[in-house]
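Coordinate analysis (summary)
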Amino acid sequence: MLKGTRDGILKKVQPVSIHGQMSWEVVFTFLDDQSEQLNAARVGAEAITGGRVEVGDRIRVEYLVGVVVKVTRLPS
């Protein structure tokens, strides 16, 4: 996907320090993927919006040139 969004379910979220800079590794599945293949992305804290994300939350993943640039927690 060059640009766009897809909705998913958060399966795992874990803080990661890369050279002292904190990032988040998010692991998720897409709602429309029957195989429930796991997808992973590492994003900075500024890229997570909509409040604190927790395992099981519905999320919206935003892509730009095939790279995750934003993860938004969706209301329950």
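Residues numbered from 1 in each chain as written. Predicted model: local features only at pLDDT ≥ 70, side-chain atom pairs only at ≥ 80, totals over all residues. Heavy atoms only, no water.

Some remarks on the sheet that holds strand E5 (residues 58-64)
Sheet strands line up and pair through hydrogen bonds in the backbone, either parallel or antiparallel. Read from one edge to the other, the open sheet built from 6 strands follows the order E3-E2-E1-E5-E6-E4, with strand pairing classed as mixed. Each end of this open sheet is capped by a strand with a single partner; those strands are strand E3 (39-44) and strand E4 (48-49). Of the pairings in the sheet, the one linking E4 to strand E6 (residues 67-73) comprises 2 bridges and is parallel in character. Along E6, the bridge assignment pairs Ile48 with Val71. (Pairing = 2+ DSSP bridges. Helix = DSSP H or I, 4+ residues; strand = E, 2+ residues; numbered from the N terminus.)

Comments concerning the pattern of salt bridges
All told, the structure shown has 6 salt bridges when counted by the stated rule. Taking the shortest distance from any N to any O, the salt bridge between Asp32 and Arg6 comes out at 2.6 Å. Separated by 26 residues along the polypeptide, Asp32 in the loop between strand E2 (21-30) and E3 and Arg6 in strand E1 (residues 3-18) bring together distant segments of the chain. On the basis of relative accessibility, which here comes to 27%, the residue Arg6 falls in the partly exposed class. Its salt-bridge partner being Asp7, residue Arg58 comes within 4.0 Å of it at the nearest N-O pair. Highlighted residues: Arg58 in strand E5 and Asp7 in strand E1, separated in sequence by 51 residues. Arg58 sits in the partly exposed class, given a relative accessible area of 39%. Connected via shared salt-bridge partners are Asp7, Arg58 and Arg60. (Salt bridge = Lys/Arg side-chain N within 4 Å of Asp/Glu carboxyl O. Buried < 20%, exposed > 50% of the residue type's maximum accessible area, 1.4 Å probe, protein only.)

The values are spatial; any link to function lies outside them.
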